[in-house]
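# Structural overview for review
Given next are the chains, with one letter for each unit.
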Amino acid sequence: MSFEYAIVALGFFAFCGGLIDAAVGGGGLVQVPALLHALPQHSLATVFGTNKLAVLLGNISSISGYLRRINIVWTLMLPTMISAFVFSFLGALSVSLIPKTLMEYAVFVLLIAMAVHTFIRKDFGQHQGNQQHGRREVLLGIFFGALLGFYDGVFGPGSGSLLLFVFVRFFGFDFLNASASAKLINLGTFSAALLFFAPSGNVLWLAGGIVGLCNIAGSLTGVFLALRYGSGFIRIFFLILLLFLIGRMGLSLFF
């Protein structure tokens, strides 16, 4: 593969990954395989570290787009972000101690349950529910921030989609507000992972910057589509992504 072809292909997949990630999460499942294909001479840790730089840049751009239109519940988001940040770093430190196959099976079952729940409940995530953000909800946010932050540090694929589901199911958000909130939590998890990978030299800054620019373009497109078409669009996009994730993980686990 020529260098020019690799850059063009990588840029295209980074754009698609940014678009998917900004709308419903899970863009890493597009971008990471593209990086692995384009950078075969580098270690897995370097590919992951470079990807975290790119998705962090894209995530920042998507957050800026959402913040202008969505009211963020900061009393819930801040403690959840801090929890996710801390446990994402701990997850990255523990990456060699956790059997990834076991985690893959657990997430595979969870994705199927999420898809069934979202498909059966036609009104799921279409409207904002009765929201209360007292002590119970903050503690619940800290718990889910820790759980999914650790998962993102150890393994990662689909963490944004899991966060989106949590905000809809447990906090009464519609899909649009849940998507914006998930981006904030991922800001913490991506930053923590980058703090782990960068000091060890596992980030290709030039490649990550190029991929990051394409990721930003995709993220801005994803935010535009989400804000333009609202929760109904995100629900359909979310179901399509879940089916893709289930199929991809099913093939890797059973075939």
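Residues numbered from 1 in each chain as written. Predicted model: local features only at pLDDT ≥ 70, side-chain atom pairs only at ≥ 80, totals over all residues. Heavy atoms only, no water.

### With respect to the packing of aromatic side chains
The line we're drawing: Stacked, tilted and edge-to-face pairs are distinguished by plane angle, under 30 degrees for stacked and over 60 for edge-to-face with tilted covering the rest, among Phe, Tyr and Trp rings (Trp via its six-membered ring) whose centres lie within 6.5 Å. A run of H or I in DSSP becomes a helix once it reaches four residues, and a run of E becomes a strand once it reaches two; helices and strands are each numbered from the N terminus. Here's how the labels work: a residue is buried when its accessible area is under 20% of the maximum for its type, exposed when over 50%, partly exposed in between, all with a 1.4 Å probe on protein chains only.
All told, the structure shown has 12 aromatic pairs when counted by the stated rule. For the ring pair F89 and F196, a centre distance of 6.4 Å and an interplane angle of 85 degrees mean the geometry is edge-to-face. Residue F89 is found in helix α4 (residues 74-93), and its partner F196 is found in helix α8 (residues 175-197); the two are separated by 107 residues along the sequence. Relative accessible area serves as the criterion here: at 28%, F89 is assigned to the partly exposed category.

### Quick word on the environment of I60
With respect to the element layout, I60 can be found in helix α3 (residues 44-67). C-alpha separation for the pair I60 and S219, spaced 159 residues apart in sequence, amounts to 9.1 Å.

### Regarding a nonpolar patch on the surface
Our working rule: To count toward a patch, a residue needs a relative accessible area above 30% and no salt bridge. Like charges then connect within 9 Å, nonpolar side chains (Val, Leu, Ile, Met, Phe, Trp, Tyr) within 5 Å. To measure how exposed things are, a 1.4 Å probe is used in the Shrake-Rupley method; for residues, cover is taken only from the protein chains shown. For this analysis, a salt bridge means a side-chain nitrogen from Lys or Arg found within 4 Å of a carboxyl oxygen belonging to Asp or Glu.
A contiguous nonpolar patch, built from I82, F85, V86, F87, L90, L93 and L195 and spanning about 600 Å² of accessible area, is present on the exposed surface. A total of six residues in the nonpolar patch trace back to one element, the largest contributor, which is α4. Here L93 shows up in helix α4. The exposure class of L93 is partly exposed, given its relative accessible area of 46%.

### Digging into the nonpolar core
To keep it simple, the criterion reads: Working definition of a nonpolar core: buried Ala, Val, Leu, Ile, Met, Phe, Trp, Tyr and Cys residues. They are joined through side-chain atoms within 4.5 Å. By definition in these notes, contact holds between two residues if any of their heavy atoms fall within 4.5 Å.
Within the largest apolar cluster, 54 residues are counted, with the highest numbers of intra-cluster contacts made by V24 and F167. Broken down by element, this core gets its largest block of residues, 12 residues, from helix α9 (residues 205-254). The contact partners of F167, leaving out residues within four places of it in the chain, are L76, M77, G172, F173, A178, S181, A182 and I185. One finds L10, A34, L35 and A38 within the second-largest nonpolar core, a separate group that totals nine residues.

### Let's talk about α4
Operational definition: Given the number of residues in a helix, its expected span is that number minus one, multiplied by 1.5 Å.
The first and last C-alpha atoms of α4 sit 28 Å apart over 20 residues, in line with the 28 Å expected at 1.5 Å per residue. Along α4, the residues classified as buried are L76, M77, T80, M81, S83, A84, S88, G91 and A92. Along its buried surface, α4 packs onto α6 (135-154), α7 (159-171) and α8.

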